[in-house]
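# Structural description and commentary
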Amino acid sequence: MSSMQLFYVLPFFLLIAILNPIHAVDYLVINNATATLSGARIEVIGVLYHETTRVWQWSGNNEAPIGLITGIADYVRLKAGWASPHWVQRGSGLRWNEGFAVTANFLDYCNALNDGFVAELNALMKYYYSDSFFVKLMGKSVDELWIDYKAHYE
C-alpha cells in the first residue's frame with residue numbers, strides 16, 4: 001500500500017478501531033499482506049453496516065444467542081452488497097448460531113425460502129427470544145432448517 005493510499009485508508013481504519021477494535025485487528029491480521037485501497041474500503045463500509053445494524057436491531061432482551069445477533073448484522077451487510085471477500089463459503093459452519101458470515105449465509109438461505117423472514121424474526125425479538133420463532137415463521141425448527149441448509153450446499 002502506498003503512503004498516499006494509507007493517507008486515505010487510515011482515518012477509516014481508525015474509525016473501525018474506535019467502533020470495534022476486534023474487527024480492526026481481524027482486518028489487519030487477515031489482510032496485512034494483500035491490503036489494497038479497495039479492500040480496505042469494502043471492509044470499512046461493511047463494518048459500518050454491521051455496527052450500525054447492531055445499534056438498531058432487537059436482541060430478545062439479551063436472550064438471543066450472540067451468534068444470531070452478529071449474524072443478523074452481517075446479513076444486513078451481505079444484502080447491502082458489502083460482504084467481505086474473506087468470508088466463509090455458503091454452507092460452511094458447524095452451528096446455525098456460529099455467528100457473523102456463517103449465520104448471515106444461513107439467514108440468507110432462510111430468507112430466500114420466506115421473503116421477509118429476517119425482518120420478521122428481528123421484530124419478534126423485541127421483548128424475548130425463542131428458537132420457536134423459526135417454527136412460527138418457517139414451519140420448521142431451526143435445527144431442521146440448518147440440516148436443510150447444509151444439504152443444499154453439499
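Conventions and cut-offs
- Residues numbered from 1 in each chain as written.
- Predicted model: local features only at pLDDT ≥ 70, side-chain atom pairs only at ≥ 80, totals over all residues.
- Heavy atoms only, no water.
- Helix = DSSP H or I, 4+ residues; strand = E, 2+ residues; numbered from the N terminus.
- Buried < 20%, exposed > 50% of the residue type's maximum accessible area, 1.4 Å probe, protein only.
- Contact = heavy atoms within 4.5 Å.
- Expected span 1.5 Å × (residues − 1).
- Arc of directions from axis to C-beta.
- Phe/Tyr/Trp six-rings, centres within 6.5 Å; stacked < 30°, edge-to-face > 60°.
- Axes fitted to C-alpha atoms, helices over the stretch in contact; angles between N-to-C directions.
- Parallel < 35°, antiparallel > 145°, perpendicular 65-115°, else oblique.
- Left-handed = near helix turned anticlockwise from the far one by under 90°.
- Core = buried A, V, L, I, M, F, W, Y, C linked by side-chain atoms within 4.5 Å.
- Nonpolar A, V, L, I, M, F, W, Y, C, P; charged D, E, K, R; others polar.

Checked against the element boundaries, D148 lands in helix 8 (residues 142-152). The class for D148 is partly exposed, based on a relative accessible area of 27%. With near-sequence residues (within four places) excluded, D148 lies in contact with Y109 and K140.

Turning our eyes to something else, we now look at helix 5 (residues 100-113). For an α-helix the count is 3.6 residues per turn, leaving residues at separations of three or four pointing the same way. For helix 5, built from 14 residues, the straight-helix expectation of 20 Å at 1.5 Å per residue is met to within 8% by its first-to-last C-alpha distance of 20 Å. The element helix 5 is extensively covered by neighbouring structure, given that 11 of its 14 residues are classed as buried. Looking at helix 5, one finds that the buried residues are A101, V102, T103, A104, N105, F106, L107, D108, Y109, C110 and N111. Against the buried residues of helix 5 lie helix 4 (66-79), helix 6 (117-124), helix 7 (132-138) and helix 8.

Buried residues of helix 6: F117, V118, L121 and N122, and no others. Mapping the buried residues of helix 6 onto a view down its axis gives an arc of 135°, with all of them on the same face. Looking at the buried side of helix 6, the elements it contacts are helix 4, helix 5 and helix 7.

To describe a pair of aromatic rings, one takes the distance between the centres and the angle between the planes. Within this structure, the stated rule accounts for 11 aromatic pairs. Residues F117 and F134 carry aromatic rings whose centres are separated by 5.5 Å and whose planes lie at 50° to one another, so their mutual orientation is tilted. Of this pair, F117 sits in helix 6 while F134 sits in helix 7; the two residues are 17 residues apart in sequence, bridging distant segments of the chain. F134 shares its class with F117; the two are buried.

As a further point, take the packing of helix 4 against helix 5. Axis separation between helix 4 and helix 5 bottoms out at 7 Å; the angle between their running directions is 70°. One element, helix 4, and the other, helix 5, form an angle in the roughly perpendicular class. Between helix 4 and helix 5 the crossing geometry is right-handed. Between helix 4 and helix 5, the contacting residues are G67, L68, T70, G71, I72, D74, Y75, L78 and K79 on the first element and F100, A101, T103, A104, N105, L107, D108 and N111 on the second.

It is worth spelling out the nonpolar core at this point. In terms of nonpolar packing, the biggest core is built from 25 residues, with L68, F106, F117, L121, M125 and F134 touching the most fellow members. Looking at this core, the elements that each hand over two or more residues are helix 4, helix 5, helix 6, helix 7 and helix 8. Looking at this core, the element that brings in the most residues is helix 5, giving 6 residues. Excluding its chain neighbours within four sequence positions, the residues that come into contact with L121 are L68, L107, F133, F134 and L137.

The next subject is the packing of helix 5 against helix 8. Remark: helix 5 packs on helix 8, axes separated minimally by 10 Å, with the N-to-C direction vectors making an angle of 95°. Relative to helix 8, helix 5 is oriented roughly perpendicular. Contact with helix 5, carried on its side by V102, N105, F106, Y109, C110 and L113, involves V142, L145, W146, D148, Y149 and H152 of helix 8 and no other residues of that element. Among the residues making up the contact of helix 5 with helix 8, the classes are represented as 9 nonpolar, 2 polar and 1 charged.

Fair warning: the whole summary comes from geometry, so function is off the table for now.
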